Amino acid sequence: MRKTMTVLCVLCTVALAAPAWGATNYWQAGAAGNWTDVPSYWSDGLPTSDDLCRIENGGTCTINSAGAVAADFYVGNSGGKTGNFVINAGTDLTVSNGFGVWNSGSITQNGGSVSGIYRLYFSGGQYTFAGGSLTSCIVDWSGAVDISGGSLISTDYIRLKSGAKLTADAGSVISIAGSWGAPLWSNAATDAGATGLAGLNNVTVDYGGGYDRPVGNFEVAGTDMGAVMAGLTENFALEGLNVASSTGTVAIKLVDASDNSAGAGNEALYVETLNLYAGATVETNGFNLYYLNGTIDANATVDTSGGGGIYQIPEPATMSLLVLGGIGVLIRRKRR
Ligand SMILES: [Ca+2]
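Residues numbered from 1 in each chain as written. Predicted model: local features only at pLDDT ≥ 70, side-chain atom pairs only at ≥ 80, totals over all residues.

A. Looking closely at the overall build of the protein. Counting its secondary structure elements, the protein contains 2 helices and 26 strands. Out of the 336 residues in the protein, the part that is buried amounts to 44%. Relative to all contacts within the protein whose residues are 6 or more apart in sequence, the contacts with residues 24 or more apart total 54%. (Helix = DSSP H or I, 4+ residues; strand = E, 2+ residues; numbered from the N terminus. Buried ≥ 20, exposed ≤ 12 C-beta atoms within 10 Å, placed from the backbone. Contact = placed C-beta atoms within 7 Å.)

Rendered as structure tokens:
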């Protein structure tokens, strides 16, 4: 298990070193073309693994083969410029440093694999994610993302920022495999509605792995309304949160580093389905986590020593029964 951790750490730190970057290689096909069709579609020929690739001429590049490489790869990188990148099934791209979409650019991933990334930027424009896999150490998120399929995987942490927008189909999953430093899920966004992060209501954050790691900080961002259904609507609520470990200890600590929601008082984390598996630890750290359904394993640890707690929201059906039961009691009392 240590081997896995070491390898992933090396992958994260390799990109921190300052390698000798190659040329900035601009996509220059006007309308649309395939990555490998014509070398002159690129200003410096077919990209090599030390090239800084840019699509910002308004054109569309479609990746059409396996084995594509770049040092970093940005769509719409420079101010006001745009471009489009399409990733289809059966292809793969390995990027060793940064990858992402900026300004008014767009990336559409229908399948295939993009991996090796140190930092993934959703920094403007639109990333439409419909299939395949997208794997990065860090995910830096201040632009618009739509998830309708595929596997979005962070091997370190996710950082949601002001301007982050998400639409997602129900059942979407964001996996986080590790937290080498303190942050695991940071969130400085303030819009939990349709123009912001309402899509979180359809996303399960799957935090797991098979090895010990430092405790990861998990931002609470919702208004603390108590254990009520209303807390699950927008309010930065997640469709699911799984904290799991097959062999080691996986721990999260609730933190409130950003003021995400209006109103004074502590913020809270709402989750429709919460699964804390054996080996999982949640430190509530003064904050509340509310969930509707799920499982807290007997060998999971809920540490409320710093205050706060984990509370189950009564099911609407249960509430109705309680209300009906209460009415029944009232009727009986009146009859006496
Ligand atoms: Ca907060």
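Structure shown, so let's carry the discussion forward.
B. Broad picture of the pairing of strand β21 (residues 250-255). Summarising burial for β21: 5 of the 6 residues are buried, a large majority. Where strand β18 (residues 216-219) meets β21, 4 bridges bridge the pair, whose relative direction is parallel. Residue pairing in the sheet places Phe218 in a bridge with Leu254 of β21. Sheet analysis places β21 next to strand β23 (residues 280-283), joined by 4 bridges and oriented parallel. Bridging across to β23, Val250 finds its partner in Ala280. (Pairing = 2+ DSSP bridges.)

C. Just unusual backbone geometry, in detail. For Asn103, which is not a glycine, the phi torsion comes out positive at approximately 50 degrees. By the element assignment, Asn103 lies in strand β9 (residues 98-109). When the 19 C-beta atoms within 10 Å are taken as the criterion, Asn103 is described as partly exposed. One non-glycine residue, Phe236, lies in positive phi territory at about 60 degrees. Counting through the fold element by element, Phe236 comes out in the loop between β19 (222-223) and β20 (238-243).

D. Fine view of the nonpolar core. With 85 residues, the main nonpolar core has Leu197 and Val271 as its most contacted residues. Sorting elements by how many residues they give to this core places strand β10 (residues 113-129) first, with 8 residues. Among residues more than four places away in sequence, those in contact with Val271 are Ala237, Leu238, Gly240, Leu241, Leu289 and Tyr291. (Core = buried A, V, L, I, M, F, W, Y, C linked by C-beta atoms within 7 Å.)

E. Structural detail: the environment of Ile310. Residue position: Ile310 is located in strand β26 (residues 308-312). On the neighbour-count criterion, Ile310 (19 C-beta atoms within 10 Å) is partly exposed. In sequence terms Ile310 and Leu269 are 41 residues apart; their C-alpha atoms lie 9.4 Å from each other. Residues within four places of Ile310 in sequence aside, it is in contact with Val282, Thr284, Leu289 and Val302.

F. Structural view of the pairing of strand β3 (residues 52-55). Burial along β3 is two-sided: the residues Leu52 and Arg54 and Cys53 and Ile55 are all buried. Both strand β1 (residues 24-26) and β3 contribute to a ladder of 3 bridges, which runs parallel. Within the sheet, the bridge partner assigned to Asn25 lies in β3 and is Cys53. Bridge count between β3 and strand β6 (residues 72-75): 4 bridges; the pairing is parallel. Paired with Ile55 across the strands is Val75, a residue of β6.

Limitation: the analysis is restricted to geometry and does not speak to function.
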